[in-house]
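Structure at a glance
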Protein chains: 2
Amino acid sequence: MSEFERATAVTPRGDGTYDAVITEGWDIAGNANGGYLIAMAARAMADVVGRPPLSVTGHYLSPGKVGPVTIDVEVVRAGRRMAVVRATMRSLDHGEVLSLLGTFSEQPEPDTVGPSVIDAEPPDLPPFGECVPSGPPVAVAATSGFGQQIHARYHPDDVGFGEGEPSGTALVRGWFEFADHSPVDAFGLLLVVDAFAPVSFNRPEFPVSWAPTLELTAHVRGVPAPGPLRTQFRSRFIQNGMFEEDGEVWDSRGVLVAQSRQLALVPRGPA
Amino acid sequence: MSEFERATAVTPRGDGTYDAVITEGWDIAGNANGGYLIAMAARAMADVVGRPPLSVTGHYLSPGKVGPVTIDVEVVRAGRRMAVVRATMRSLDHGEVLSLLGTFSEQPEPDTVGPSVIDAEPPDLPPFGECVPSGPPVAVAATSGFGQQIHARYHPDDVGFGEGEPSGTALVRGWFEFADHSPVDAFGLLLVVDAFAPVSFNRPEFPVSWAPTLELTAHVRGVPAPGPLRTQFRSRFIQNGMFEEDGEVWDSRGVLVAQSRQLALVPRGPA
């Protein structure tokens, strides 16, 4: 069992409620990574319908603090191929954490799906070893476990914010793998889409501090081939105190395996 | 009261359940437009928390047929500014139609939100009068009420699919207004993001027929100024029998007022 599997494991009570634990070491400055929380909840949702996530939306209710949680899962409709499921994650000590709605389905067999039309390319990254191991500012990284669990290797052009030199473009690109090199499946992809620093960090108008996500939607678009994943995150509309962040995850074959969009509040606090 | 308001009106029973009617004339070949359904459900959700939609996700369970529906609304959490709400729309005659989850909030006051950074431009469209009034193939349009309720005026370059000459790019651009010229508010935007033909119509690999939406997420990013709206819809990843369709809606000031993404199945049926 991988570290990620262990840290997102869920135990059914048998009535649609699951027990789980927000595990020490998956946090950024004390709050669990948002993708980690969605991945954990999606395990419970998937377990009920026997299918992996295809499209999952999470709305954040409060930061995820270390400790026991319950995940209440409700099947809205289970068809032959697709199942629509909703869930709520609650911390026993801190109240409601996350509300989710998703469609769960196996990826279709390649010979059943017809032609592909791809009008995009994977992000152009230097080799893994030439990308930069740390994203968050040193002060934040030092109090965060999340950076120990994953290898997020940033494009050298996108990481100046750590030294007070934002690139000027709301763009972050990099390689991803789990620190224990375990493979990334559909649940892992739900974490990958939220595993890098907010793209607002690369605009000088905003402090390098927490950008609270209101909502994150991830689409699983394929089953990743082995090897590190290439990611790209970008925002084109920072306005009205909010920004969207669009993510893409590509596998070692150059196949898009996940797409995401989140709506977040621009950071207001001190750097 | 506008035609759209009349056709999406909801009546509270007082216990979180609302009555509404999928109204004749908002369909495409017998199935209600998907954005129309989300807008109707969002009215009930907004009514419960006294705030308009900010981010709404709908997962489609079955096509919306004309007739009475109920919308069951549940407040997950109502904070000072944001409220998270979920809902289910059920047809009295045809069962569950739509499952929704959203965050509802007023758009913030402009002087409270800090700087904007926009890295995009509105779609380049010929004037309204030079765009093309009809999207769907003639056979479909003739049996569809939806086209009577709205003025969707397609970019002449993006509408060849109606004559069997798809443009070759999974892109659709055009102007939108309600046929009765009523203003578009946050609820109207939920319809606008699903008011044009699927972008798969412009790729020769796929038949010009129904592309069932699995999930649609819309972000309301501003309050539209008066006047027709400019829209753009595009897909970059048609693969595994599915495609994402990313939408943008811009107002007459050139301000982005909504963003959307849906995950849909590629059309399989006959044209």
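My aim in this report is to walk through the structure given alongside it, one point at a time. Predicted model only: the values in this text are computed from it and were never measured.

**A short note on the interface of chain A and chain B**
- In this complex, chain A contributes 46 residues to the contact, which on the side of chain B involves 46 residues.
- Counting only elements with at least two residues in the side of chain A that touches chain B, the list comes to β5 (53–60), β6 (67–78), β7 (83–91), β8 (95–104), β9 (117–118), β12 (213–220), β14 (237–239) and β16 (256–265) of chain A.
- Residue classes in the side of chain A that touches chain B are distributed as 18 nonpolar, 17 polar and eleven charged.
- Sheet analysis places β14 of chain A next to strand β9 (residues 117–118) of chain B, joined by two bridges and oriented antiparallel. Bridged to isoleucine 238 of chain A within β9 of chain B is valine 117 of chain B.

**Description of helix α2 (residues 34–49) of chain A**
Residues and elements named next belong to chain A.
- The terminal C-alpha atoms of α2, which comprises 16 residues, lie 23 Å apart, in line with the 22 Å expected from a rise of 1.5 Å per residue.
- When you tally the buried positions in α2, you get 14 out of 16 residues, the bulk of the element.
- Looking one or two residues past α2, glycine 50 carries a phi angle of roughly 65 degrees, positive in sign.

**Some details on the pairing of strand β2 (residues 17–22) of chain A**
All names here are of chain A.
- Going residue by residue along β2, you find Tyr18, Ala20 and Ile22 tucked away on one face and Thr17, Asp19 and Val21 left uncovered on the opposite face.
- Hairpin connection, strand β1 (residues 10–12) to β2: the antiparallel pair is bridged by four residues, and glycine 14 has positive phi, about 105 degrees.
- As defined by bridge partners, β2 adjoins β6 across six bridges and the pair is classed as antiparallel. Bridged to aspartate 19 within β6 is threonine 70.

**Considering the environment of valine 56 of chain A**
Residues and elements named next belong to chain A.
- Relative to the helices and strands, valine 56 is located in strand β5.
- Assessed through the 31 C-beta atoms surrounding it within 10 Å, valine 56 is described here as buried.
- C-alpha separation for the pair valine 56 and valine 220, spaced 164 residues apart in sequence, amounts to 8.6 Å.
- Residues in contact with valine 56, not counting those within four places in the same chain, are Ile38, Ala42, Leu100, Gly102, Leu190 and Ala218.

Rules of the game
- Residues numbered from 1 in each chain as written.
- Chains lettered and ligands numbered in written order.
- Predicted model: local features only at pLDDT ≥ 70, side-chain atom pairs only at ≥ 80, totals over all residues.
- Contact = placed C-beta atoms within 7 Å.
- Helix = DSSP H or I, 4+ residues; strand = E, 2+ residues; numbered from the N terminus.
- Nonpolar A, V, L, I, M, F, W, Y, C, P; charged D, E, K, R; others polar.
- Pairing = 2+ DSSP bridges.
- Expected span 1.5 Å × (residues − 1).
- Buried ≥ 20, exposed ≤ 12 C-beta atoms within 10 Å, placed from the backbone.

Purely geometric stuff here, so don't read any function into it on its own.
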